[in-house]
Amino acid sequence: AQKVTQAQTEISVVEKEDVTLDCVYETRDTTYYLFWYKQPPSGELVFLIRRNSFDEQNEISGRYSWNFQKSTSSFNFTITASQVVDSAVYFCALSEILTGGGNKLTFGTGTQLKVEL
Amino acid sequence: SQTIHQWPATLVQPVGSPLSLECTVEGTSNPNLYWYRQAAGRGLQLLFYSVGIGQISSEVPQNLSASRPQDRQFILSSKKLLLSDSGFYLCAWRGTGLYGYTFGSGTRLTVV
């Protein structure tokens, strides 16, 4: 069975600090997708990034960057110069092919990020 | 454009009462549809998924059921709610674009 581990339950930082959220995954699939979602207090899941297993290039989007390392099965997320608005729960997820057809996302347990002034 | 609607946003129901949560998508056909639940511990657990009309697969045994009466409609139900059914329920559909999965705004269910 597939598994996503986010070992950091909660992280607190002061505004403008850099912070890295860890994600480690397990899968037997050779082709898969990894995702990061942000869940603000309102509860809605906000898509941040999708990464194909064949694309190991790191990606940067503004203050966000992602480090995908297949050798260590990790897909870490870094926020540079954190801001209070970054406070949220962040989920890492892995796509899984279902025997009945289609696929699903397996989520980690999430990391609560608190950015304080 | 492709959108997903989920309602109601919040719901307070007594133990033993029935439940019906509805999710509809627009702008796509034959989507894969999903019901997730997020309990107080934050983790998201897949409850049901559907790859077509009338096709429902359950991931975990529970007090809930799901139905897909129409291509773009996915319903989560219960005949008698339990306290443990409280949580945040999210509907999602899987597209083929960059984002892959789109989630509804969620229903916060409190069983009292």
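Residues numbered from 1 in each chain as written. Chains lettered and ligands numbered in written order. Predicted model: local features only at pLDDT ≥ 70, side-chain atom pairs only at ≥ 80, totals over all residues. Heavy atoms only, no water.

Trainee: Would you mind showing me how to read the overall build of chain B here?
Mentor: Secondary structure assignment for chain B yields zero helices and 11 strands. Start at the N end of chain B and walk to the C end: the helices and strands fall as β-β-β-β-β-β-β-β-β-β-β. Radius of gyration (C-alpha) of chain B: 13 Å, near the 13 Å computed for a compact globule of 112 residues. Dimensions of chain B, computed from the C-alpha atoms along their principal axes, are close to 40 × 25 × 20 Å. When burial is assessed residue by residue, chain B has 48% of its 112 residues classed as buried. A sequence separation of at least 24 residues applies to 52% of the contacts in chain B between residues at least 6 apart. Element-wise, carbon and sulfur atoms account for 53% of the exposed surface of chain B, whose accessible area totals about 5,200 Å². (Helix = DSSP H or I, 4+ residues; strand = E, 2+ residues; numbered from the N terminus. Rg over C-alpha atoms; globule rule 2.2 N^0.38 Å. Buried < 20%, exposed > 50% of the residue type's maximum accessible area, 1.4 Å probe, protein only. Contact = heavy atoms within 4.5 Å. Areas by Shrake-Rupley, 256 points an atom, 1.4 Å probe, with all protein chains shown as cover.)

Trainee: How should the interface of chain A and chain B be read in this particular structure?
Mentor: Reports of interface size often rely on the accessible area that becomes lost once the parts have come together. Taken together, the contact between chain A and chain B spans 25 residues of the former and 24 residues of the latter. Carbon and sulfur atoms supply 54% of the area that chain A and chain B bury against each other, a total of about 1,900 Å² over both sides. Across the chain A-chain B interface, the total number found is one salt bridge. Summed over the shared surface of chain A and chain B, the result is three residue pairs in polar contact (both at pLDDT 80 or more). Elements with a contribution of two residues or more to the side of chain A that touches chain B: β5 (33-39), β6 (46-52), β10 (88-97) and β11 (103-107) of chain A. The leading source of residues in the side of chain A that touches chain B is β11(A), at four residues. (Buried area = accessible area lost by both parts, 1.4 Å probe. Salt bridge = Lys/Arg side-chain N within 4 Å of Asp/Glu carboxyl O. Polar contact = N/O pair within 3.5 Å; in protein donor to acceptor, adjacent residues only side chain to side chain.)

Trainee: Just to check I follow, could you spell out the pairing of strand β8 (residues 64-69) of chain A for this structure?
Mentor: A regular strand places its side chains so that they alternate between the two faces of the sheet. Residue and element names in this part refer to chain A. Bridge analysis of strand β7 (residues 59-61) against β8 gives three bridges, and the strand direction is antiparallel. Its bridge partner lying in β8, Ile60 is registered against Ser65. Counted between consecutive antiparallel strands, the loop separating β7 from β8 contains two residues, among which Gly62 sits at a positive phi close to 65°. Bridge count for β8 against strand β9 (residues 74-79) is six bridges, and the pairing is antiparallel. Within β9, the residue paired with Phe68 across the bridge is Phe75. With antiparallel pairing between neighbouring strands as the criterion, β8 and β9 make up a hairpin whose turn holds four residues, including Ser73 at a positive phi of roughly 50°. (Pairing = 2+ DSSP bridges.)

Trainee: Please clarify how the packing of aromatic side chains should be interpreted in this entry.
Mentor: Any aromatic ring pair is given by two values, namely how distant the centres are and how the planes are angled relative to each other. Evaluated as defined, the whole model comprises 20 aromatic pairs over all chains. Measuring from centroid to centroid gives 6.0 Å for Tyr37(A) and Phe47(A), while their planes differ by 75°, and the two rings are edge-to-face. Of this pair, Tyr37(A) sits in strand β5 while Phe47(A) sits in strand β6, and the two are 10 residues apart along the sequence. In textbook terms, an aromatic cluster arises when at least three aromatic residues are bridged by ring pairs, as seen for Phe35(A), Tyr37(A), Phe47(A), Phe91(A), Phe107(A), Tyr34(B), Tyr36(B), Tyr101(B) and Phe103(B). One cation-aromatic arrangement involves Lys70(A) over Phe54(A); the distance from NZ or CZ to the ring centre is 5.0 Å. Note that Arg108(B) overlies the ring of Phe88(B), its terminal NZ or CZ placed 4.3 Å from the centroid. (Phe/Tyr/Trp six-rings, centres within 6.5 Å; stacked < 30°, edge-to-face > 60°. Lys NZ or Arg CZ within 6 Å of the ring centre and 35° of its normal.)

Trainee: Which parts of the structure should I look at to understand the sheet that holds strand β7 (residues 65-70) of chain B?
Mentor: Sheets are built from strands paired through backbone hydrogen bonds, the pairs being either parallel or antiparallel. Residues and elements named next belong to chain B. The strand order β1-β3-β8-β7 describes an open sheet built from four strands, whose pairing is antiparallel. Every other strand in the sheet has two partners, leaving β1 (3-7) and β7 as the edge strands with one partner each. Ignoring which end each strand starts from, the neighbouring axes of this sheet average 20° apart. Sheet topology note: the β1/strand β3 (residues 19-26) ladder contains five bridges and is antiparallel. Paired with Ile4 across the two strands is Val25, which belongs to β3. (Axes fitted to C-alpha atoms, helices over the stretch in contact; angles between N-to-C directions.)

Trainee: I would appreciate a short explanation of the state of the cysteines in the present structure.
Mentor: All names here are of chain A. Summed over all chains, the structure comprises two disulfides over all chains. Here Cys23 engages in a disulfide with Cys92; their sulfurs sit 1.9 Å apart. Around the S-S axis, the bridge from Cys23 to Cys92 shows a dihedral of about -65° and counts as left-handed. With a gap of 69 residues between them, Cys23 in the loop between β3 (19-21) and β4 (24-26) and Cys92 in strand β10 connect regions that are remote in the sequence. (Disulfide = S-S within 2.5 Å.)

Trainee: Explain unusual backbone geometry here, please?
Mentor: Note: most peptide bonds trans; most residues except glycine with negative phi. Between Trp7(B) and the following residue, Pro8(B), the backbone shows a cis peptide bond with an omega angle of 0°. Among the secondary structure elements, Pro8(B) is positioned in the loop between β1 and β2 (10-13). Residues other than glycine seldom take positive phi values, yet Ser73(A) does so here, at roughly 50°. Residue placement: Ser73(A) occurs in the loop between β8 and β9.

Honestly, it's all geometry; don't read function into it.
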